[in-house]
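Fold and geometry: a report
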Amino acid sequence: MTVEVVELRIVGGVAVVADGVRRPLGGPKSELLLAVLIAHAGQPVSCDRLVDALWPHDPPKSAVATIQSLVSRLRSVLDPGFRIDLETAGYHLVTLGGEVDMIRFERLVGESPATQFDRGGEALGSAVAAWHGPAFGIFADHPELRSTAVRVEELRLVATDRWMEARLATDDAAQMVGELESLVVLHPLRETYWRLLMVALYRCGRQADALRRAAEFRSALQDETGLSPSAVLVDLEAQILDDDPRLAAAPQVGAGRRGNRTAQQLFGPTEFIGRDMVVSDLASALIDQPVITIVGPGGVGKTRLATWLAATVSARFDHGVTVVELASQRDLDGTARVIARALDIQPYQLQTIESTIEEHLTSTKMLLVLDNCEHLIDAVAPLVDRLRSSCPELRILATSREPLGLAGEYVHVLHPLHVPSSDASALDKRSSAAVLLFAARAASATPGFVLTDENVDVVADICRRLDGLPLGVELATARLRTMGVGTLSVRLSQRAEMAGQAQRGADGRHRTLHHLVEWSYDMLTDAERSVFEQLSVFAGGFDLTAAEAVCSLDDPGESVLSHVSGLVDKSMVVLIDPTRPRYRVLEPLREFGLDRSLERGDVIATEDRHLEWFLGLAMVGAGGLDSPDELVWSDDLEREFDNFRAAHVTAVGRGDARRALSLVTCLAEFAIRRVQYEITTWAEATTLLPGVYGEPDLPMAIGLGAYGHFVRGDMAQAVALAEHAVQVENDTGASGGGLPERVLGNALFYLEHTDEALGWMRRMLDSARRSDNPGRTAHALYMLSVASTSTGDSIRGAMLAGEAWEAAKRVGSPTASAQANYARGLALESVDPDEAFDHLELASDLAARAGNRWVQAFALTEVHWLSARRDDPLAALRGYANVVDLWYRGGDWANQWLSLRRVLAIFLGLQAFEPAAVLHGALNAVGAAHALPFEPTDAEALVHDVDRLRSELDEATFVSAEARGASMTDHEIVTFVNHEIALLTNRPEAASPIERPQA
């Protein structure tokens, strides 16, 4: 008989969970009573004390009887993991095999005494991941619970401190910048997060931003406490100023926000052996050569060399290093999008993705690493040729099995590691690179292995048979767990003879690796071979749950988990993240696995299960975004982006309109919240498939494509597509999920067709209410509130914001709450700026906690504006630099223009009249000068601003500046704004608050 596992939870609120299912507690009084018993950690609590806790002011006469009744009910809920005993001293919570999440949290943190990722990092990660909200939830401030809640909260912060330090030592710094930015907003006086953010920014090549953050912290600390930063932070500032090499991420390389993994992560913590001279030569070549391609057979170590080289030279590049993994990309047409995603950019308005990449990189001093290009040369080569011509300070480092074929391309042929001849001395054999690598990997695979005079000849023979290929050494040494070096040598010799292996040179080395992979594959059991082939369908990586869903086993009694573990032991699969855990099949092995799967005719069925699993994940994730666990789901969807892309390619390639449509529509809200607009292009492509008409998800997919045009500033096409989606809704009866109406409301509002826009927004709200979808209803109320406020009806705006808040409470997601607070803040801006600021700042904080980049930037646009008006325009400008960068990278020009209007007003307030006139020209040229939404008085203020510009500047200067702004490209506008912000924020005399005329 199976015994239920009962868990008490206080993180995020009080709950009792049995085998993953919440048990009803009977209301707030029961929850509070249980919370008090938990907080007293097994010590008796008197009945009088419980009465005071539950009724602090006026307890009823039946209070004691009520407590007895509540305890009786709780006893049945807690069984069999806990019980409540009544003793002389009071009620006592006794543990009977159950677990309290608070105690588990304390234990996990206690198991992590060091910040090293490999010694405590896993426990730290588990502890931080277990946190879903404040201890005791809504009761956190109760007098009986406050001390425990504060203690656990501080413990969480300590765990987060140490976890972030551990990750920064091993993880991608660029990926962590956003998380650390959120942490300094949430904990503005906690120096640890500021220091980690400074280091992360520095490692991304953003030295000026790192120093700016130091200045912000010093100012905030002085204002709040009168104190100065610690000597540690002061020393860190000096290191950043001096470009101290100790700050470099060793040996990691920043790989863009999307988190492409470096070779060190893929291969594990092995030494980099035998390539010192190559690294030195290529580092010198990178000074003058715009394009370098490292060429060699599979398994020779091209990825490892490129990544190690990038780490070595990263300090040279002001804008850092971005590593783009192309191995899992199979679609030529999507290659540029993979590169754009690694750069964290989306298509700019009215531009192709290729021209967007070119414009983004034009003035950057960056190293772009394109890894595994051989199967995409027809797409990569033209783009690389284009970039090297237009981006003078860009350096491109590619890895491929063949050159890109460009004129002037610097090609380095990477040879295998040096192997000793059979008649070499024992000393020469022991010191050869291949033997040294073998010894290092063998010691890792079988602790206790030592290279000796007795076994060096056998090891050298094995390395010769492996042609010195590093991946071959990895695979061969994995077999030492089950056989000695002598047996391994014999087996390799037999395999070579059977294969007729005698050639050398490039072709022979390809054959060497192929036969070694084949030998490793043949030594697997039938079930392991099947699992290995099926795992090869994953793009980027997979976790165990996905593996179990995609892999089909003939014997239902066997476990996918055990086979994955076995494949890891045999180096056929790599563990890339032990905290989840998460795995990957390295590309040469993945190619082999896919080929075998094709030969056996199994790949179609495996791809189908892969598509079905990730479609299911997208469906569940779409619901998860409208829940308190929004951040968890958003991060999960982000992590699987490459697999979603592969699943969509599968569906489109098969003409499977139904599942292709379903996939993109399930990811629609994720795409918007994470500013992940590549998915809008998937949607638009999907709507062109044969047989889409009549599919229930078609209107929403068309609406998502329309949304992509809206954010890129193409209002006419956005309106046309959204109207088409509405027509399809009307013709077929299918629902667009409110997305076509959302686009029409936004775009028409932007075009100042106010009445028509409001009509679509009201229709969106009616549709949401009919759908009984709280998330859609909360969003529609938020939009209608903002629209009402922007058209001058702030009272109705405030009322609708209140309704949005009530709807948000039903949804429970941070995004819904953030949007409601944004709407409230906007409605209050003109009547109570201080309260408006609090709501808008809370909206930004909530959005950050949800991973919602869109709402966070939207809210920060107003937060910085109010800051500029009331106390600190320079700090506001520094904040706007980050907002402008986010919209620019996301390709969201609809919102970019709204933020730039605020920047224009601050320029004017700081008497930067000519830059303000340039920005006015740019805004006017795209029709965004008066586009809605904004706070009502801003319409009149904007007219006043332009009049003031004309009066402060002579006519010729004003006309020239306005014309300059009107002629600028997107990239030139952003570059201009960032340059002016940098100039102004280094001007201490220009620090008075912004004064706006009273409307």
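As a reminder, the structure under discussion sits directly above these lines.
This next bit is on the side chain of H92. With respect to the helices and strands, H92 occurs in strand β5 (residues 90-95). Classification of H92 by relative accessible area gives buried; the value is 18%. Of note is the side chain of H92, whose polar atom sits 2.8 Å from the side chain of E87. Apart from the residues within four sequence positions on either side, H92 is in contact with G42, Q43, P44, R83, I84, D85 and E87.

With that settled, the discussion passes to the pairing of strand β4 (residues 82-87). Pairing of β4 with β5 involves six bridges; the strand directions are antiparallel. What sits directly across from L86, in β5, is Y91. What sits between the antiparallel neighbours β4 and β5 is a turn of two residues.

Below, the discussion takes up the packing of aromatic side chains. Evaluation of the coordinates by the stated rule reveals 15 aromatic pairs. On the basis of an interplanar angle of 65° and a centroid distance of 6.3 Å, the ring pair of F438 and F449 is categorised as edge-to-face. In this pair, F438 sits in helix α18 (residues 433-445) while F449 sits in the loop between α18 and α19 (456-465), placing the two residues eleven residues apart along the sequence. A single burial state applies to F438 and to F449, both of which are buried. Ring geometry for W854 and F858: centres 5.3 Å apart, planes at 15°, overall stacked. Here W854 pairs with F858, and both are found in helix α41 (residues 853-870), just four residues apart, close to one helical turn. An aromatic cluster is defined as three or more aromatic residues linked by ring pairs; in this entry it consists of F538, F542, Y583, F614 and F644.

Under the counting rule described, the total for this entry stands at 46 salt bridges. Close ionic contact of R218 with E237 constitutes a salt bridge, the shortest N to O distance being 2.5 Å. Taken as a pair, R218 in helix α9 (residues 207-225) and E237 in helix α10 (residues 231-241) lie far apart in primary sequence, 19 residues in all. E237 sits in the buried class, given a relative accessible area of 13%. Here E474 and R304 are joined by a salt bridge, their closest N and O atoms 3.9 Å apart. Remark: R304 occurs in helix α13 (residues 302-313) and E474 occurs in helix α20 (residues 470-478); sequence separation between them is 170 residues. The pair formed by E474 and R304 is uniform in burial state, with each residue classed as buried. In the salt-bridge network here, residues are joined through shared partners; they are R341, D635, E638, D642, R645, R674 and E678.

Take the sheet that holds strand β12 (residues 542-543) next. What the three strands build is an open sheet, ordered β12-β14-β13; its pairing is antiparallel. Because the sheet does not close on itself, it has two edges, and the strands there are β12 and β13 (574-577). Looking at chain direction, β12 and strand β14 (residues 582-584) are connected through two bridges and run antiparallel. In the strand pairing of β14, D543 is matched with R582.

The biggest cluster of nonpolar side chains holds 193 residues, and the ones touching the most others in it are F438, L535 and L900. For L900, the contacting residues outside a window of four places in its chain are V884, W893, L919, L923, I973 and V977. Membership of the second largest hydrophobic core comes to 43 residues, among which are L32, L50, L78 and M102.

What follows covers α13. One turn of an α-helix holds 3.6 residues; hence residues three or four places apart share an orientation. With twelve residues, α13 should reach 16 Å at 1.5 Å per residue; the first-to-last C-alpha distance of 17 Å fits that figure. Taken across its twelve residues, α13 has ten buried, putting it largely inside the fold. Here α13 has its buried residues at K302, T303, R304, L305, A306, T307, L309, A310, A311 and V313.

With that out of the way, let us pick up the packing of α41 against helix α42 (residues 873-890). Axis angle and axis distance: for two packed helices, these are the angle between their axes and the distance between the axes, and together they describe the pair. The contact between α41 and α42 brings their axes to 9 Å, and the two run at 160°. Classified by the interaxial angle, the pair formed by α41 and α42 is roughly antiparallel. Crossing of α41 against α42: the hand is left-handed. Note on element contacts: α42 touches α41 through P873, A876, G879, Y880, V883, L886 and W887, opposite R853, W854, A857, F858, L860, T861, H864, W865, S867 and A868. Across the contact of α41 with α42, the residue classes tally to twelve nonpolar, four polar and one charged.

A few words on the environment of A804. For A804, the position within the fold is in helix α38 (residues 794-811). Sequence separation between A804 and Q819 is 15 residues; the distance between their C-alpha atoms is 8.0 Å.

Rules used throughout
- Residues numbered from 1 in each chain as written.
- Predicted model: local features only at pLDDT ≥ 70, side-chain atom pairs only at ≥ 80, totals over all residues.
- Heavy atoms only, no water.
- Helix = DSSP H or I, 4+ residues; strand = E, 2+ residues; numbered from the N terminus.
- Buried < 20%, exposed > 50% of the residue type's maximum accessible area, 1.4 Å probe, protein only.
- Polar contact = N/O pair within 3.5 Å; in protein donor to acceptor, adjacent residues only side chain to side chain.
- Contact = heavy atoms within 4.5 Å.
- Pairing = 2+ DSSP bridges.
- Phe/Tyr/Trp six-rings, centres within 6.5 Å; stacked < 30°, edge-to-face > 60°.
- Salt bridge = Lys/Arg side-chain N within 4 Å of Asp/Glu carboxyl O.
- Core = buried A, V, L, I, M, F, W, Y, C linked by side-chain atoms within 4.5 Å.
- Expected span 1.5 Å × (residues − 1).
- Axes fitted to C-alpha atoms, helices over the stretch in contact; angles between N-to-C directions.
- Parallel < 35°, antiparallel > 145°, perpendicular 65-115°, else oblique.
- Left-handed = near helix turned anticlockwise from the far one by under 90°.
- Nonpolar A, V, L, I, M, F, W, Y, C, P; charged D, E, K, R; others polar.

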